[in-house]
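Residue strings, one per chain:
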Amino acid sequence: MDPAQEQHLAWLARSFGRTDYAPLTSTDLAALSEAGSYVEKYPGTHLFKEGGDSEAAYVIRTGDVELFRTRRNGRLVVGRVGSGAVIGDIALLRGQPYISSARAVSPVEAFRLDRAKLLPVLFEHPRIAIRWLVAGLDQLESTQRRVLRLMRGTVKEQVAEMMLDEADRYGDLHLSQASLAGLLGVSRQSVNRALSELRDDGAVETGYRVISCADEAALAAAAGH
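Residues numbered from 1 in each chain as written. Predicted model: local features only at pLDDT ≥ 70, side-chain atom pairs only at ≥ 80, totals over all residues. Heavy atoms only, no water.

Chemist: Lay out the overall build of the protein with the relevant residues and their values.
Modeler: When helices and strands are tallied, the protein shows 9 helices and 11 strands. Principal-axis analysis of the C-alpha atoms gives the protein an extent of 55 × 40 × 30 Å. Looking at the protein as a whole, 42% of its 225 residues are labelled buried. Of the contacts formed within the protein by residues at least 6 apart in sequence, a portion of 68% connects residues at least 24 apart. Carbon and sulfur atoms provide 50% of the accessible area of the protein, an area that totals close to 12300 Å². Counting 27 positive and 29 negative side-chain charges, the protein places the centres of these two groups 6 Å from one another. (Helix = DSSP H or I, 4+ residues; strand = E, 2+ residues; numbered from the N terminus. Buried < 20%, exposed > 50% of the residue type's maximum accessible area, 1.4 Å probe, protein only. Contact = heavy atoms within 4.5 Å. Areas by Shrake-Rupley, 256 points an atom, 1.4 Å probe, with all protein chains shown as cover. Lys, Arg positive; Asp, Glu negative; His and termini not counted. Charge placed at Lys NZ, Arg CZ, Asp CG, Glu CD.)

Chemist: Residues and numbers for the packing of aromatic side chains, please.
Modeler: All chains considered together, the criterion is met by 3 aromatic pairs. A network of ring pairs unites the aromatic residues F48, Y58 and Y98 as a single cluster. (Phe/Tyr/Trp six-rings, centres within 6.5 Å; stacked < 30°, edge-to-face > 60°.)

Chemist: Now, about the sheet that holds strand β8 (residues 108-114): what can you tell me, with residues and values included?
Modeler: The sheet built from 4 strands is open, its strands ordered β1-β8-β3-β6 with antiparallel pairing. Looking at the sheet topology across the chains shown, the edges are occupied by β1 (36-41) and β6 (86-87). Alignment of β1 against β8, held across 6 bridges, turns out to be antiparallel. In the sheet register, E40 faces β8, and the bridge partner there is E109. (Pairing = 2+ DSSP bridges.)

Chemist: Quick rundown of the sheet that holds strand β7 (residues 101-104)? Include the residues and the values.
Modeler: If you trace the 4 strands from one edge of the open sheet to the other, you get β2-β7-β4-β5, paired in antiparallel fashion. Only two strands of the sheet have a single neighbouring strand rather than two, namely β2 (46-48) and β5 (74-81). Each adjacent strand pair in this sheet contributes to an overall mean axis angle of 35 degrees, direction not counted. As paired strands, β2 and β7 are joined by 2 bridges and run antiparallel to one another. Within β7, the residue paired with F48 across the bridge is A102. The strands touched by helix α7 (residues 177-184) are β4 (65-71) and β5; relative to β5, the strand with the most contacts, the crossing angle is about 80 degrees. (Axes fitted to C-alpha atoms, helices over the stretch in contact; angles between N-to-C directions.)

The structure is reproduced here in structure tokens:
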């Protein structure tokens with residue numbers, strides 16, 4: 001096996017839950033690898049669209065993907081994911097249409113797992129199925145914890161909490177104020193006021209479609225930690 005293939009298989013193993021839980025064998029990884037292929041998406045192009053047939057799930061290798069739903073008054077952003085995220089798998093496993101759209105917001109490389117190839121692999125390789133289940137439960141638990149935290153506190157505390165949870169490794173949250181308001185279920189004016197207060201506190205800096213952490217300790221204090 002060449003080094004590139006070894007690196008690819010190691011990355012796949014890390015992408016599906018804890019590596020210490022039901023370790024995948026070389027046979028498992030080879031079967032999973034054969035169920036898909038790499039695709040590249042340019043900014044603005046879709047990996048899948050809301051209401052479309054769930055033909056594949058995607059593991060994001062590089063880049064950022066915005067998940068949104070279409071409403072009469074525009075798009076409602078429901079999330080943003082990056083490297084290591086698995087998307088489209090819930091709809092695929094349920095055999096239901098995608099409930100949201102996934103659009104690349106930067107150059108994206110992803111591993112596309114075809115439904116027709118993936119399902120037999122899950123039936124024949126229980127370790128992969130268990131790891132996939134654990135990874136999905138981890139994501140669900142993380143989402144529940146975030147929802148519980150965001151249900152309490154002021155809009156300022158919610159924005160600070162979102163920054164601490166969702167900012168990338170550089171401390172940047174790449175969302176417009178309108179998208180952030182949609183995620184929090186509050187008005188754009190409320191988000192604007194909260195960001196203004198956080199700027200006055202020295203906790204954040206704002207730019208076009210990006211909010212940057214200027215002082216993590218001040219941000220944590222604003223979130224009530």
